[in-house]
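Survey of secondary and tertiary structure
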Amino acid sequence: MHTIPTTGTPRLLPEELLGLACDHERDELERYRGLAFRFLAFSSATSRLMATLGIECEMRLSGLARAARRLGLEAPHVEADTRLAARSVSPPGLIDSLMMARDALSQAMADAAVSRQFYARLGEFGAASSLGHEFEAIARQKRAELAILGEHCLDRGTVSGERRRA
């Protein structure tokens, strides 16, 4: 997890803000890909949702790369191949019970809330540059992501009754 800048933090340069955002978004991508895999046998709907949220992370990484180019910044880490995120250590075991599913979804919601807060804070620190608007837009996307996860968790058919039969 990345440190969220606070008011006592020295002012960060745009390339530093972009670096923090890209690192964070790569972690998010890795997390959602892992969740998509873990849910694959238990709930295909949840697996598809997690894969879709991972695709959203890829789109945000592309947007951050465009922002870097627009600002004339050389940030090779911004445009790094997103397939590198798949290199992670294999995720903990496959979801095979309702309790595991609920725990994983609860953690996903907590992580999404932290991510929204992270981008809101980056928006504050990037307010002096055009990056503030970029990060505020991502924070809004993260708020929507959190709402989607919440709705998915409330949908009783998604996790409770849908276990694929082999």
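Residues numbered from 1 in each chain as written. Predicted model: local features only at pLDDT ≥ 70, side-chain atom pairs only at ≥ 80, totals over all residues. Heavy atoms only, no water.

Some words on a nonpolar patch on the surface
A cluster of nonpolar residues, Phe 37, Leu 40 and Leu 94, forms a patch on the protein surface that exposes about 280 Å² of accessible area. Under the relative-accessibility criterion, Leu 40 is labelled partly exposed at 42%. (Patch = residues over 30% accessible without salt bridge, like charges linked within 9 Å, V, L, I, M, F, W, Y side chains within 5 Å. Areas by Shrake-Rupley, 256 points an atom, 1.4 Å probe, with all protein chains shown as cover. Salt bridge = Lys/Arg side-chain N within 4 Å of Asp/Glu carboxyl O. Buried < 20%, exposed > 50% of the residue type's maximum accessible area, 1.4 Å probe, protein only.)

With respect to the pattern of salt bridges
Applying the stated criterion across every chain yields a total of eleven salt bridges. Across the pair Lys 142 and Glu 25 runs a salt bridge whose closest N-O atoms are separated by 3.5 Å. Within this pair, whereas Lys 142 is found in helix α4 (residues 131-154), its partner Glu 25 is found in helix α1 (residues 14-39), the two being separated by 117 residues in sequence. For the pair Lys 142 and Glu 25, one class covers both residues: buried. The residue Asp 111 makes a salt bridge to Arg 31 at a minimum N-O spacing of 3.6 Å. Taken together, the residues span a long stretch of sequence, with Asp 111 in helix α3 (residues 98-125) and Arg 31 in helix α1 at a distance of 80 residues. Taking relative accessible area as the criterion, Arg 31 reaches 17% and is therefore assigned buried. One connected set of salt bridges, linked through shared partners, spans Glu 25, Glu 28, Arg 31, Arg 60, Asp 111, Lys 142 and Glu 145. (Helix = DSSP H or I, 4+ residues; strand = E, 2+ residues; numbered from the N terminus.)

So, the packing of aromatic side chains
This model, assessed by the stated rule, comprises two aromatic pairs. Considering the side-chain rings of Phe 118 and Tyr 119, the 5.4 Å spacing of their centres and the 80° angle between planes classify their relative orientation as edge-to-face. Across this residue pair, the class does not change: Phe 118 and Tyr 119 are buried. Ring geometry for Tyr 119 and Phe 135: centres 6.4 Å apart, planes at 35°, overall tilted. Of this pair, Tyr 119 sits in helix α3 while Phe 135 sits in helix α4, and the two are 16 residues apart along the sequence. Like Phe 135, Tyr 119 is buried. (Phe/Tyr/Trp six-rings, centres within 6.5 Å; stacked < 30°, edge-to-face > 60°.)

Here we look at the environment of Leu 49
Looking at the secondary structure, you find Leu 49 in helix α2 (residues 44-70). Linking Leu 49 and Leu 149, residues 100 residues apart in sequence, is a C-alpha distance of 8.6 Å. Sequence-distant contacts of Leu 49, defined by excluding residues within four places in its chain, comprise Ile 148, Leu 149 and His 152. (Contact = heavy atoms within 4.5 Å.)

Here's the deal with the confidence of the model for the protein
Chain-level pLDDT for the protein is 82 on average; 77% of the residues reach the 70-or-more range. Overall, residues 78-90 carries pLDDT values under 50, and its contacts beyond four positions in sequence, including any with other chains, amount to 22 contacts. Between residues 156-166, whose pLDDT stays under 50, and residues either more than four places distant or in other chains, the model counts 23 contacts. (pLDDT = per-residue confidence, 0-100.)

Quick look at the nonpolar core
Core analysis: the largest hydrophobic core is formed by 34 residues, its most contacted members being Tyr 32, Phe 39, Met 50, Tyr 119, Phe 135 and Leu 149. Going through the elements one at a time, α1, α2, α3 and α4 are the ones with two or more residues in this core. Non-local contacts of Leu 149, meaning those with residues more than four positions away in its chain, are made with Tyr 32, Leu 49, Met 50, Leu 53, Ala 108, Met 109 and Ala 112. (Core = buried A, V, L, I, M, F, W, Y, C linked by side-chain atoms within 4.5 Å.)

Comments concerning the environment of Glu 15
Of note, Glu 15 is situated in helix α1. For the pair formed by Glu 15 and Leu 71, sequence separation is 56 residues and the distance between their alpha carbons is 9.2 Å.

Considering the side chain of Glu 28
Position of Glu 28 among the secondary structure elements: in helix α1. Among the residues examined, Glu 28 registers a relative accessible area of 5% and is labelled buried. Among the polar contacts listed, one links the side chain of Glu 28 to the side chain of Lys 142, at a separation of 3.0 Å. Residue contacts for Glu 28: discarding those within four places in its chain leaves Cys 57, Ser 115, Lys 142 and Glu 145. (Polar contact = N/O pair within 3.5 Å; in protein donor to acceptor, adjacent residues only side chain to side chain.)

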